[in-house]
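One letter stands for each residue in the lines below.
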Amino acid sequence: MNEKQPRRVEEIDWTTWMPTERATLLFVVRDGSILLIDKKTGLGAGKVNGPGGRIDPGETALQGAIREVQEELCVTPTGVREAGELFFQFLDGYSLYGAVFTASGFDGELCETREARPRWTPVDRIPFERMWADDRLWIPHMLEGRRFSGWFIFDNDTMLDSRVRVDAPGPR
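Residues numbered from 1 in each chain as written. Predicted model: local features only at pLDDT ≥ 70, side-chain atom pairs only at ≥ 80, totals over all residues. Heavy atoms only, no water.

**Focus on the nonpolar core**
Stage number 1. Counting 24 residues, the largest nonpolar core has Trp14 and Leu26 as its most contacted members.
Stage number 2. Those elements that place two or more of their residues in this core are β1 (21-30), β2 (33-39), α1 (61-73), β7 (95-103) and β10 (146-155).
Stage number 3. Here Leu26 is in contact with Gly50, Pro51, Ala65, Val69, Pro77, Val80, Phe101 and Ala103, once residues within four sequence places are set aside.
Stage number 4. In terms of nonpolar packing, the next biggest core, distinct from the first, is built from 23 residues, Ile126, Phe128, Ile139 and Phe152 among them. (Core = buried A, V, L, I, M, F, W, Y, C linked by side-chain atoms within 4.5 Å. Buried < 20%, exposed > 50% of the residue type's maximum accessible area, 1.4 Å probe, protein only. Helix = DSSP H or I, 4+ residues; strand = E, 2+ residues; numbered from the N terminus. Contact = heavy atoms within 4.5 Å.)

See below:
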């Protein structure tokens, strides 16, 4: 572990911060339920999360979000909207920017893949205890249609510090 890495959100100049990688999350929300996944591979394997992953070179965040849902669940999200953004700094030096989207539906038939097992969950029973610690801080805002930005410091799976800013509700 690099002891020189900041342990508090305010210790980082986020205006000049550069992520190691850029990624997406996309949550289908309809009829009082949210489509989550049991993540089987990669960062967060073993956790419950939303479908998503790395943005490929030359891809927009929206294109990456749609592609990742197609790859992980074999469906194409519809009614996609930008929801917020996340900034993660890990003590080992890894840093990640995440663009978060919601969708009102999808085309196709949900399938389990080598990366993810789909799970519909009532929005009032989201299993935050099986998710990344930051999720409980911003997912409620996302579900209410409030645009958000979140900044987080992690040491492996442990969240050390956080800051979430919420903007006015957007159109639904």
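Right, picking up where we left off after that structure.
**Looking at the pairing of strand β5 (residues 75-78)**
Stage number 1. The two faces of β5 differ: Val75 and Pro77 on one face are buried, but Thr76 and Thr78 on the other face are not.
Stage number 2. Where β5 meets strand β8 (residues 105-108), four bridges bridge the pair, whose relative direction is antiparallel. Within the sheet, the bridge partner assigned to Thr78 lies in β8 and is Gly105. (Pairing = 2+ DSSP bridges.)

**Focus: the side chain of Glu59**
Stage number 1. Mapping Glu59 onto the fold places it in the loop between β4 (52-54) and α1.
Stage number 2. Taking relative accessible area as the criterion, Glu59 reaches 16% and is therefore assigned buried.
Stage number 3. A polar contact is formed between the side chain of Glu59 and the backbone nitrogen of Asp56, at a distance of 2.8 Å.
Stage number 4. If near-sequence neighbours (up to four positions away) are discounted, Glu59 is found in contact with Arg22, Arg54, Gly64 and Arg67. (Polar contact = N/O pair within 3.5 Å; in protein donor to acceptor, adjacent residues only side chain to side chain.)

**As for the packing of aromatic side chains**
Stage number 1. Tallied over the full model, the rule gives 14 aromatic pairs.
Stage number 2. An angle of 50 degrees between the planes, with centres 5.1 Å apart, marks the rings of Trp14 and Trp17 as tilted. The burial state of Trp14 is the same as that of Trp17; both residues are buried.
Stage number 3. On the basis of an interplanar angle of 65 degrees and a centroid distance of 5.9 Å, the ring pair of Phe27 and Trp138 is categorised as edge-to-face. Here the residue Phe27 occupies a position in strand β1, and Trp138 occupies one in helix α2 (residues 135-143), the gap between them amounting to 111 residues. The pair formed by Phe27 and Trp138 is uniform in burial state, with each residue classed as buried.
Stage number 4. By the ring-pair criterion, three or more aromatic residues cluster together here, those being Phe88, Phe90, Tyr94, Trp132, Phe152 and Phe154.
Stage number 5. A cation over a ring is seen here: Lys47 above Trp132, with NZ or CZ 4.8 Å from the ring centre. (Phe/Tyr/Trp six-rings, centres within 6.5 Å; stacked < 30°, edge-to-face > 60°. Lys NZ or Arg CZ within 6 Å of the ring centre and 35° of its normal.)

**Focus on the side chain of Gln5**
Stage number 1. Position of Gln5 relative to the elements: it lies in the segment before β1.
Stage number 2. In this structure Gln5 comes out as buried when scored by relative accessible area, which is 18%.
Stage number 3. A distance of 3.3 Å separates a polar atom in the side chain of Gln5 from a polar atom in the side chain of Gln89.
Stage number 4. Look past the residues within four positions of Gln5 in its chain and what remains in contact with it is Gln89, Phe90, Leu91 and Gly93.

**So, the pairing of β10**
Stage number 1. Among the 10 residues of β10, seven are classified as buried, and the element is accordingly described as predominantly covered.
Stage number 2. With seven bridges connecting them, strand β6 (residues 81-90) and β10 associate as parallel partners. When the bridges of β10 are listed, Glu85 appears paired with Ser149.

**Quick word on unusual backbone geometry**
Stage number 1. Although it is not a glycine, Asp31 sits at a positive phi angle of roughly 50 degrees.
Stage number 2. The phi dihedral of Cys74 falls on the positive side, at around 65 degrees, and the residue is not glycine.
Stage number 3. When you line up the elements, Cys74 lands in the loop between α1 and β5.

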